[in-house]
Amino acid sequence: MYQTFMRSVCKKNQTVSDGTMNAHSLAAGAGSDAWAGVPAAFREGGPLPAPWHEFFGPLRTGLRDELMVVGQLGQSLDGRIATNTGHSQYINCAAGLDHLHRLRALMDAVVIGIGTVLADNPQLTVRRVAGPNPARVILDPHGRLPPDARVLTADGARRVVVTTPEAACAVADQIEVVRLAADKGHIAPATVLAALAARGLHRILIEGGARTVSGFMSAGCLDRLHVMVAPIILGTGRAGISLAPIDRVDHALRPPTRAYPIGEDVLFDCDLSAARVPIGRAKIST
Ligand SMILES: NC(=O)c1ccc[n+]([C@@H]2O[C@H](COP(=O)([O-])OP(=O)(O)OC[C@H]3O[C@@H](n4cnc5c(N)ncnc54)[C@H](OP(=O)(O)O)[C@@H]3O)[C@@H](O)[C@H]2O)c1
């Protein structure tokens, strides 16, 4: 990981000296003109202009099946995604936020847990960049979603509430309500993804919070994990990814990982496809 990081830092320096394409230009040189045609080209399957192909090309389609599921978290150097009060806006720098909005613009749907809605009241739009707003999906098994939450704003994007058969769900008629069986309030992540795929949503960004991303990761339901690390130290606060405990460092997951400087932040793009469970029509055998 450290070597990968250092390679990226060197690449960044190389950009300054010779102007070759790399992730630094992906962040800093991404003017609106350069980006404008990318969301359509990404969906049509043609070549993506530099510098986008290197980074976004692998997100077009999954290796396992027709779904591509990306988990993403922004965190501090000490692995926190929010303070103890739940404040997290904004851990990442402006270039990191632009990048997140570009990522949203390439996805069919963005999924968040109800904890994030209640803490942040996010919009989940692509307002910082050109591109279509993805469907907004909220996991709310106990019917806690406020009807005036900003994710439910009628702006043309699909809005989907995933809940359980028993939960109250008082939302406007235009909002899709998907009721899925749960075990003590927990809906299997693969069941969520299959339900979204059945509704035409195949490229999925699991955008938080930590409980939601960790749940999808431990269920083998992520193709990739994007961790955007900001050079800040919160010292205490809410942890990022939390998985079942391990006893030894050599039992740690070591997924193939690429690292990119994006503004002041560093994005780690981890390939988890080897551990992804099949959800749609399988492309490779397990
Ligand atoms: N830095 C970042 O990138 C980032 C991003 C997003 C959020 N955040 C921060 O993270 C905090 C919120 O995160 P969080 O981990 O507490 O909450 P969360 O992940 O946003 O929401 C967790 C809740 O969503 C529901 N849920 C998630 N997966 C489910 C599943 N498979 N089946 C059924 N229900 C499911 C459950 O609701 P019930 O509780 O009703 O069972 C669960 O407790 C906030 O402080 C926010 O600011 C940071």
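Refer to the preceding data block for the structure.
Here's a quick rundown of the structure. Note that the coordinates shown come from a computational prediction; the quantities given were computed from them, not determined experimentally. (Residues numbered from 1 in each chain as written. Predicted model: local features only at pLDDT ≥ 70, side-chain atom pairs only at ≥ 80, totals over all residues. Heavy atoms only, no water.)

## Focus on the overall build of the protein chain
Here is step 1 of the chain: Across its full length, the protein chain holds nine helices and 11 strands.
Here is step 2 of the chain: When the 286 residues of the protein chain are sorted by exposure, 50% land in the buried category.
Here is step 3 of the chain: Carbon together with sulfur atoms contributes 55% to the accessible area of the protein chain, which is approximately 13,400 Å² in total. (Helix = DSSP H or I, 4+ residues; strand = E, 2+ residues; numbered from the N terminus. Buried < 20%, exposed > 50% of the residue type's maximum accessible area, 1.4 Å probe, protein only. Areas by Shrake-Rupley, 256 points an atom, 1.4 Å probe, with all protein chains shown as cover.)

## Notes on the site of the ligand
Here is step 1 of the chain: Not every one of the 26 residues close to the ligand is listed here, only the nearest: G74, T116, D120, R144 and T212.
Here is step 2 of the chain: A distance of 2.9 Å separates an oxygen atom of the ligand from a polar side-chain atom of H142.
Here is step 3 of the chain: A distance of 2.9 Å separates an oxygen atom of the ligand from a polar atom in the backbone of G209.
Here is step 4 of the chain: Here the ligand loses 88% of its free accessible area of 930 Å² to cover by the protein chains.
Here is step 5 of the chain: Tallied by class, residues from the shell around the ligand come to nine nonpolar, 12 polar and five charged. (Near = heavy atom within 4 Å. Polar contact = N/O pair within 3.5 Å; in protein donor to acceptor, adjacent residues only side chain to side chain. Nonpolar A, V, L, I, M, F, W, Y, C, P; charged D, E, K, R; others polar.)

## Thoughts on the sheet that holds strand β8 (residues 224–230)
Here is step 1 of the chain: Across the sheet, which stays open at both edges, the nine strands sit in the order β6-β5-β4-β3-β7-β1-β8-β11-β10 with mixed pairing between neighbours. Each having just a single partner strand, β6 (176–179) and β10 (257–262) make up the two edges of the open sheet. Averaged over all pairs of adjacent strands, the angle between strand axes in this sheet comes to 20 degrees, irrespective of strand direction.
Here is step 2 of the chain: In this sheet, β8 lies alongside strand β1 (residues 68–76) in parallel orientation, the contact comprising seven bridges. Across the sheet, G74 pairs through a bridge with M228, a residue of β8.
Here is step 3 of the chain: Each of β1, β3 (109–113), β4 (135–139), β7 (203–206) and β8 touches helix α9 (residues 210–218); the most contacted strand, β1, lies at about 135 degrees to it. (Pairing = 2+ DSSP bridges. Axes fitted to C-alpha atoms, helices over the stretch in contact; angles between N-to-C directions. Contact = heavy atoms within 4.5 Å.)

## Re the layout of surface pockets
Gaps between atoms show up when a probe of the same size as a water molecule is rolled over them.
Here is step 1 of the chain: Each pocket or cavity is described by its volume, and for the second largest pocket that value is around 840 Å³.
Here is step 2 of the chain: When contributions to the lining of the second largest pocket are tallied by element, the ones reaching two or more residues are α9, β8 and β11 (265–271).
Here is step 3 of the chain: Broken down by class, the residue content of the lining of the second largest pocket amounts to 26 nonpolar, six polar and five charged. (1 Å grid on protein atoms, 1.4 Å probe; cavity = no way out; pocket = protein on both sides within 12 Å on 5 of 7 lines; lining within 4 Å. Points joined across faces, edges and corners; volume = space filled by probe spheres on them.)

## Points about the side chain of D65
Here is step 1 of the chain: With respect to the element layout, D65 can be found in the loop between α5 (52–56) and β1.
Here is step 2 of the chain: In this structure the side chain of D65 is engaged in a polar contact, spanning 2.9 Å, whose partner is the backbone nitrogen of L67.
Here is step 3 of the chain: At 2.7 Å, the side chain of D65 and the backbone nitrogen of I279 are in polar contact.
Here is step 4 of the chain: When neighbours within four sequence positions are excluded, D65 is seen to be in contact with R276, V277, P278, I279, G280, R281, A282 and K283.

## Some words on the pairing of β10
Here is step 1 of the chain: Extensive coverage of β10 is indicated by the burial of five of its six residues.
Here is step 2 of the chain: Pairing analysis gives six bridges linking β10 to β11, with the strands arranged antiparallel. Of the residues in β11, the one forming a bridge with A259 is F268.
Here is step 3 of the chain: The turn linking β10 back onto β11 is made up of two residues, and G263 within it adopts a positive phi angle of 60 degrees.

## Overview of the pairing of β1
When a strand is regular, its side chains alternate between the sheet's two faces.
Here is step 1 of the chain: Burial analysis of β1 places nine of its nine residues in the buried class, the great majority of the element.
Here is step 2 of the chain: Burial along β1 is two-sided: M68, V70, Q72, G74 and S76 and V69, G71, L73 and Q75, pointing in opposite directions, are all buried.
Here is step 3 of the chain: The pairing of β1 with β7 spans four bridges and is parallel. Counterpart to V70 in the pairing with β7 is L205.

## Observations regarding the environment of L106
Here is step 1 of the chain: Considering the arrangement of structural elements, one finds L106 in helix α6 (residues 94–106).
Here is step 2 of the chain: With a relative accessible area of 0%, L106 lands in the buried category.
Here is step 3 of the chain: As a C-alpha pair, L106 and P132 span 26 residues in sequence and 7.9 Å in three-dimensional space.
Here is step 4 of the chain: Ignoring anything within four residues of it in the chain, the contact list for L106 reads W35, V38, P39, F42, R43, F56 and R203.

## Structural notes on the pattern of salt bridges
Here is step 1 of the chain: For the structure on display, the rule yields 11 salt bridges.
Here is step 2 of the chain: One salt bridge in this structure joins R136 and D155, with 3.0 Å as the shortest N-O distance. Residue R136 is located in strand β4, and its partner D155 is located in the loop between β4 and β5 (159–163); the two are separated by 19 residues in the primary sequence.
Here is step 3 of the chain: On the accessibility criterion, R136 (0% relative accessible area) is buried.
Here is step 4 of the chain: Between D250 and R248 there is a salt bridge, with its nearest N and O atoms 2.9 Å apart.
Here is step 5 of the chain: Ionic contacts of the salt-bridge type, sharing partners, join the residues D65, D223 and R276 into one network. (Salt bridge = Lys/Arg side-chain N within 4 Å of Asp/Glu carboxyl O.)

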